[in-house]
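# Commentary on secondary and tertiary structure
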Amino acid sequence: MIGVISDADFQKVIEVTGDDVAVDDERKLHRRRLGSVGFAEEVRAQEAEMGVTSITSWSAADDRADRVIGIDGSGTPDRLRDQMRGIVDNTAALVGLGRAVRDDEIIINPDYAYPAYGVPSRETNEAIRLAARTEAMMTDPVYEGKSMQGMIDLAKKGFFPKGSKVLYAHLGGAPALNGYSYTYRNG
């Protein structure tokens, strides 16, 4: 929830943001949970171009996505599974997948949540710096850096079959870097 809003203010917000917001019965302003449909459409276009199908988060497959993998960065894998179930179901509907994604197609990997929530490990810091240096991708040490660490580590361990097409979806978090400015002051 963003806050309570008047009709006039809501119209101003709509003019600026399009319809990426909603007002509930108590006149509370919310970002639409499905406001990332543009992301889903972009993924669908890239899937067609690359010959891979995925849902959300990051996934790997030979000729179609056969799983959605969530890297738990907070030490709460059950909560992440619930969150991903909703995201996967909503995204599948938005992109017209045409079938339900089975529970066994959603993989939650808790191996990268160490040492603690919001505390980056040495490996997380290495992944953050590698992504920034090689892809100009800013990731934070709370979630995205840990998921990047997980993807890199799993690739090194041969988790993805040779020839797989892996789609890593960066879902935000870069503003959290401000809280870690001293840690990353030298890159």
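Report follows, based on the coordinates. Not measured: the values here are computed from a predicted model. (Residues numbered from 1 in each chain as written. Predicted model: local features only at pLDDT ≥ 70, side-chain atom pairs only at ≥ 80, totals over all residues. Heavy atoms only, no water.)

Next up on the list: the nonpolar core. Listed in full, the ten residues of the largest apolar core are Ile69, Ile71, Tyr112, Ala127, Ala131, Met148, Met151, Leu154, Phe160 and Tyr168. Listed by contribution, the elements that provide at least two residues to this core are strand E5 (68-71), helix H4 (122-135) and helix H5 (144-156). Ranked by the residues each element gives to this core, the list is headed by H5, at three residues. Grouped together as the second largest cluster of nonpolar side chains are eight residues, Val68, Met84, Ala92 and Ile106 included. (Core = buried A, V, L, I, M, F, W, Y, C linked by side-chain atoms within 4.5 Å. Buried < 20%, exposed > 50% of the residue type's maximum accessible area, 1.4 Å probe, protein only. Helix = DSSP H or I, 4+ residues; strand = E, 2+ residues; numbered from the N terminus.)

All right, on to the side chain of Asp72 then. By the secondary structure assignment, Asp72 is in the loop between E5 and helix H3 (77-94). The buried charged residue Asp72 lacks any salt bridge partner; its closest oppositely charged side chain belongs to Arg79, at an N-O distance of 6.6 Å. At 3.2 Å, the side chain of Asp72 and the backbone nitrogen of Ser74 are in polar contact. With residues near it in sequence (within four places) discarded, Asp72 still touches Pro77, Leu80, Ile108, Asn109, Pro110, Tyr112 and Ala113. (Lys, Arg positive; Asp, Glu negative; His and termini not counted. Salt bridge = Lys/Arg side-chain N within 4 Å of Asp/Glu carboxyl O. Polar contact = N/O pair within 3.5 Å; in protein donor to acceptor, adjacent residues only side chain to side chain. Contact = heavy atoms within 4.5 Å.)

What follows covers H4. The periodicity of an α-helix, 3.6 residues per turn, causes residues three or four positions apart to be oriented the same way. Here H4 is 14 residues long and its end C-alpha atoms lie 20 Å apart, about the 20 Å a rise of 1.5 Å per residue gives. Every buried residue belonging to H4 is among Thr124, Asn125, Ala127, Ile128 and Ala131, and all of these are buried. The arc that holds every buried residue of H4, seen down its axis, measures 160°, which confines them to one face. Facing away from the buried surface of H4 by more than 90 degrees, the exposed residues are Arg122 and Arg133. Remark: Ala136 follows H4 within two positions and exhibits a positive phi of approximately 55°. (Expected span 1.5 Å × (residues − 1). Arc of directions from axis to C-beta.)

The next subject is the pattern of salt bridges. If charged atoms from side chains of opposite charge come close, those side chains can pair. In total, this model carries eight salt bridges according to the counting rule given. Note that Arg102 is salt-bridged to Glu105, the shortest N-O span being 3.6 Å. Classification of Arg102 by relative accessible area gives partly exposed; the value is 48%. Residue Glu105 is classed as buried on the basis of its relative accessible area, which comes to 4%. Here Glu123 and Arg122 are joined by a salt bridge, their closest N and O atoms 3.2 Å apart. A cluster of three or more residues bridged by salt bridges with shared partners is formed by Arg99, Arg102, Asp104 and Glu105.

With respect to the helices and strands, the residue Met137 is situated in the loop between H4 and H5. Residue Met137 is classed as partly exposed on the basis of its relative accessible area, which comes to 22%. Taking C-alpha positions, Met137 is 8.7 Å from His170, a pair spaced 33 residues apart along the chain. Residues in contact with Met137, not counting those within four places in the same chain, are Ile128, Ala131, Ala132, Met148, Tyr168 and His170.

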